[in-house]
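Examination of the molecular architecture
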Amino acid sequence: MTGRLAILACGGTLPVRLAEVYPAAMQITLDGIPNLLSGSAQSFQLEKFGAIFDAMRQAGVTRMVFAGDLTRPPLNPADFDATMMRIAPGLMQAVGRGDDALLRFVIGVFEAEGFDVVGAHELLPDLTAPAGLHLGPQPTQGEETDIARGFEILEGIAPLDLGQGCAVAGGLCLGFETIQGTDANLRYIGTTPEALKRGQRGVYVKAPKRGQDLRIDMPAIGIRTIEGVANAGLAGLVVAQGLVAVLEPEAVKAAVEQSGIFLISRPV
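Quick summary incoming for the structure in this document. Everything numeric here is computed off the predicted structure, so don't read it as measured data. (Residues numbered from 1 in each chain as written. Predicted model: local features only at pLDDT ≥ 70, side-chain atom pairs only at ≥ 80, totals over all residues. Heavy atoms only, no water.)

Considerations on the overall build of the protein chain
When its secondary structure is counted, the protein chain shows nine helices and 13 strands. Relative to the globule expectation of 18 Å for 268 residues, the C-alpha radius of gyration of the protein chain, 20 Å, shows essentially globular dimensions. With the principal axes as the frame, the protein chain shows a C-alpha extent of 60 × 35 × 30 Å. Sorting the 268 residues of the protein chain into buried and exposed places 49% on the buried side. Of the contacts made within the protein chain by residues no fewer than 6 positions apart, 72% connect residues no fewer than 24 positions apart. For the protein chain, the exposed area adds up to about 12700 Å²; of that, 54% sits on carbon and sulfur atoms. (Helix = DSSP H or I, 4+ residues; strand = E, 2+ residues; numbered from the N terminus. Rg over C-alpha atoms; globule rule 2.2 N^0.38 Å. Buried < 20%, exposed > 50% of the residue type's maximum accessible area, 1.4 Å probe, protein only. Contact = heavy atoms within 4.5 Å. Areas by Shrake-Rupley, 256 points an atom, 1.4 Å probe, with all protein chains shown as cover.)

In structure tokens:
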């Protein structure tokens, strides 16, 4: 029999959606990390991992899911509990190796405490972009070439653990995601002079890094992504089918129709 689920909630709408589908789940938030949950959520200091584990066990939790946008809050070593002091050396080493190493370490910590970590896409089967998704206009031949180039670039930078999206116009990379995230990248791309695009509007391509553990930090798009692509002057957005979450899908569809761009899923 499957045990109780815990939702460790950060920013965005995904934790709210999970809480709606799994109302019996324990809801956990972290002090200083914005979230949209209300009601029964229990908040903890990030410095006190032991308290989180104890509360989960007392609530009968056996599996948990990370959900939402997690920023890296400052940690105060003076507030560390015994559990946090034990894992802190490994945590600091993982921080220095990049986001993927850090997130894998965090998953490992929860698993070592006896909790099964599941992905949001495993709990919400309709979360990710389905095969054959195509909203908006048909890409031109030039845009198809840029789409292929975008996936090629993401494959190339995957070992560097940098980001999950990039823009291409006329075969040239206009920018790729780093720690600032998708929205900041799109704002930067919007400043590109038209003369540099070789006569193409350009496309944005989003996919997980090769080998990325999708149980945490799965690539996601939402209304702001659609608006950002349109405001940057790009022709459309292409995502890896089954590997990128689509938040608020009906609102995303409406935003695509209003903006005039295309939204397409492709296999990788």
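What to know about the sheet that holds strand S8 (residues 172-176)
In spatial order, the strands read S6-S13-S11-S9-S7-S8; together these six strands make up an open sheet with mixed pairing. At either margin of the open sheet sits one strand with a lone partner, and together these are strand S6 (134-135) and S8. When strand S7 (residues 165-169) meets strand S9 (residues 203-206), the two strands line up antiparallel, connected through four bridges. Note that in S9 the partner of Cys166 across the bridge is Val205. Sheet contacts for helix H6 (residues 141-157): S7, S8, S9, strand S11 (236-240) and strand S13 (262-266); angle to S7, the most-contacted strand, approximately 140°. (Pairing = 2+ DSSP bridges. Axes fitted to C-alpha atoms, helices over the stretch in contact; angles between N-to-C directions.)

Some details on the nonpolar core
Core analysis: the largest hydrophobic core is formed by 38 residues, its most contacted members being Tyr204, Leu234, Leu237 and Leu263. Those elements that provide at least two residues to this core are H6, S7, helix H7 (182-189), S9, helix H8 (223-231), S11, helix H9 (249-259) and S13. Considering each element in turn, this core owes the most residues, five residues, to H6. If you look at the next biggest cluster of nonpolar residues, it comprises 32 residues, including Cys10, Ile52, Phe80 and Ile216. (Core = buried A, V, L, I, M, F, W, Y, C linked by side-chain atoms within 4.5 Å.)

Structural notes on the pairing of S13
Most of S13 sits inside the fold, with four of its five residues counted as buried. Sheet analysis places S11 next to S13, joined by five bridges and oriented parallel. From the neighbouring strand, Val239 faces S13, where its bridge partner is Ser265.

Observations concerning the packing of aromatic side chains
Applying the stated criterion to the full structure yields five aromatic pairs. Taken together, the ring pairs in this structure connect Phe49, Phe53, Phe66, Phe110 and Phe115 into an aromatic cluster. (Phe/Tyr/Trp six-rings, centres within 6.5 Å; stacked < 30°, edge-to-face > 60°.)

Side note on the state of the cysteines
Following the criterion strictly, the structure yields zero disulfides and no others. Residue Cys166 stays outside any disulfide, its sulfur separated by 5.2 Å from that of Cys173, the closest cysteine. In this structure Cys166 comes out as buried when scored by relative accessible area, which is 0%. (Disulfide = S-S within 2.5 Å.)

A look at H7
Within H7, burial applies to Thr182, Asn185, Leu186 and Ile189. Angularly, the buried residues of H7 cover 95° about the axis, an arc narrow enough to put them on a single face. Facing away from the buried side of H7 by over 90 degrees, the exposed positions are Arg187 and Tyr188. Lining the buried residues of H7 we find S7, S8, S9 and H8. (Arc of directions from axis to C-beta.)

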